Amino acid sequence: MPFNLGSYHYPQPVIVLAPMAGVSDLPFRRLCQQNGADYSTAEMISAKPELLHTAYSAARLQFDLDPRYPKIVQLVGGDAALLAEAALLMQAKGADIIDLNMGCPAKTVAKQQAGSALLADLRQVEKILAAVVRAVNIPVTLKTRLGYHDGEPVIAEVARIAEACGIAALAVHGRSRAQRYQGEADYATIAAAKAKTRLPVIANGDIKSAEQAKTLLDRYGFDGIMIGRAALGDPWLFARCQALINGRDIPAAAKNTQIRAHLRDLHQHYGAQATAIARKHLHAYLRPHPDYPALRPAINHAAHLDAQLALIPR
């Protein structure tokens, strides 16, 4: 079914880039959107004032000015009042949508009773969702998991709470917090929760091909698919998904030209820090290449932009 996020209207199932710390920065989000992602979410930032107002957070709050794509800020935290204040500040700074992170399984986040750790306390989940929705007049979305404990899903209850609080859409990673990234994503449990809510539900976790994405949409009727780790090194996956699912043509992509443009964008965006950050992407891009074993040490030792560009096959 079609759904709306404020002034952004999506008549068909969406194919979107997941927020990923250390990956979904502005250069990568821009590249994925150029290749068919309907929208993307910036890397999460903490709602704590001492962390919210840092250069680190500011770097994560840079957005493409292309009006076709919403500016989505993802906030993480466990304090309802601080999250509401942070959401109001992000709205004032021009955010189109606030996304709340209740899915991150990292221990550093869980220690603060934030991210997926909140799934062990649904009263606090409700308190946070209600406070943030009340604080802003832009859509608030939720990214979450099946539950805290393996085999004890609470996602249907989370969906009920989210709908009652006025959340605009729900993205669900098909694992528990305890699983982290082990085992297989459980799409059937996401679908069972979707059947009990009127909220748009976007499925996330282990989606690696256009064929798999289409199968999930056809089988379960999700309102969209969220692609995470599979997009690293393959931003063209979005175009393949759009072509198969929504009957669009796959645009001709000069992949090596786009890789070079991505590297240049990273260096312009990060300056002196760019070489190490670009290295991660270079490994992902070149890993399928038959000469990757020989290229691998060269990637690790390339110390500037020109050296990295020289590694891209002609």
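Every value quoted in this text rests on a predicted model; they were computed, and no experiment measured them.

Thresholds applied
Residues numbered from 1 in each chain as written. Predicted model: local features only at pLDDT ≥ 70, side-chain atom pairs only at ≥ 80, totals over all residues. Heavy atoms only, no water. Helix = DSSP H or I, 4+ residues; strand = E, 2+ residues; numbered from the N terminus. Buried < 20%, exposed > 50% of the residue type's maximum accessible area, 1.4 Å probe, protein only. Contact = heavy atoms within 4.5 Å. Domains from an automatic or database assignment. Buried area = accessible area lost by both parts, 1.4 Å probe. Salt bridge = Lys/Arg side-chain N within 4 Å of Asp/Glu carboxyl O. Polar contact = N/O pair within 3.5 Å; in protein donor to acceptor, adjacent residues only side chain to side chain. UniProt positions renumbered as here; feature names shortened; annotations may be inferred. Axes fitted to C-alpha atoms, helices over the stretch in contact; angles between N-to-C directions. Parallel < 35°, antiparallel > 145°, perpendicular 65-115°, else oblique. Left-handed = near helix turned anticlockwise from the far one by under 90°. Nonpolar A, V, L, I, M, F, W, Y, C, P; charged D, E, K, R; others polar.

This part covers unusual backbone geometry. The backbone phi angle of Arg180 is positive, close to 55 degrees, even though this residue is not glycine. Structurally, the position occupied by Arg180 is in the loop between β8 (169-173) and α8 (187-194). Take Arg180: its relative accessible area is 36%, and that puts it in the partly exposed class. Phi at Asp206 takes a positive value of approximately 65 degrees, unusual for a residue other than glycine. Along the polypeptide, Asp206 turns up in the loop between β9 (201-204) and α9 (210-220).

Mapped onto the elements of the fold, Tyr56 is located in helix α3 (residues 55-60). Between the alpha carbons of Tyr56 and Thr141 there is a distance of 23 Å; along the sequence they are 85 residues apart.

Turning next to helix α10 (residues 237-246). Within α10, 8 of the 10 residues are buried, which leaves it mostly tucked inside the rest of the structure. Every buried residue belonging to α10 is among Leu237, Phe238, Ala239, Cys241, Gln242, Ala243, Ile245 and Asn246, and all of these are buried. Against the buried residues of α10 lie β3 (14-17), α1 (26-34), α9 and β10 (224-227). Looking one or two residues past α10, Gly247 carries a phi angle of roughly 70 degrees, positive in sign.

The next point concerns the domain arrangement of the chain. You can read the domains of the chain as domain 1 (3-246) and domain 2 (255-311). Relative placement of domain 1 and domain 2: their C-alpha centres are 28 Å apart. Contact residues are listed per partner, giving 15 residues for domain 1 and 13 residues for domain 2. Taken together, both faces of the contact between domain 1 and domain 2 bury some 1,200 Å²; the carbon and sulfur share is 58%. Applying the counting rule to domain 1 against domain 2 returns 1 salt bridge. The salt bridge involving Asp265 is made with Arg30; its shortest N-O contact spans 2.5 Å. Applying the counting criterion to the domain 1 and domain 2 interface returns 5 residue pairs in polar contact (both at pLDDT 80 or more). The element that contributes the greatest number of residues to the side of domain 1 that touches domain 2 is α1, accounting for 5 residues.

With that out of the way, let us pick up the UniProt feature "active site" (unreviewed entry) in the chain. With numbering matched to this structure, UniProt assigns "active site" (unreviewed entry) to Cys104. With respect to the element layout, Cys104 can be found in the loop between β6 (97-102) and α5 (107-110). When its relative accessible area of 14% is taken as the criterion, Cys104 is described as buried. Those residues in contact with Cys104 that sit more than four places away from it in its chain are Met44, Val109, Gly115 and Ser116.

What follows covers the pattern of salt bridges. The tally for this structure, following the rule as stated, stands at 11 salt bridges. For Glu157, the salt bridge is made with Arg160, and the minimal N-O distance between the two is 2.7 Å. Taken together, the positions of Glu157 and Arg160, both in helix α7 (residues 155-165) and 3 residues apart, correspond to about one turn of that helix. Taking the relative accessible area as the measure of exposure, Arg160 reaches 44% and is therefore partly exposed. The closest approach of N and O atoms between Arg198 and Glu163, which form a salt bridge, is 2.8 Å.

It is worth spelling out the packing of helix α11 (residues 255-270) against helix α12 (residues 274-286) at this point. Running from N to C, α11 and α12 cross one another at 160 degrees; their axes reach a closest spacing of 9 Å. Looking at the two axes, α11 sits roughly antiparallel to α12. Of the two elements, α11 crosses α12, and the hand of that crossing is right-handed. Two secondary-structure elements touch here, α11 through Ile259, His262, Leu263, Leu266, His267 and Tyr270 and α12 through Ala274, Thr275, Ile277, Ala278, His281, Leu282 and Tyr285. Looking at the contact of α11 with α12 residue by residue, the classes come out as 9 nonpolar, 4 polar and no charged.

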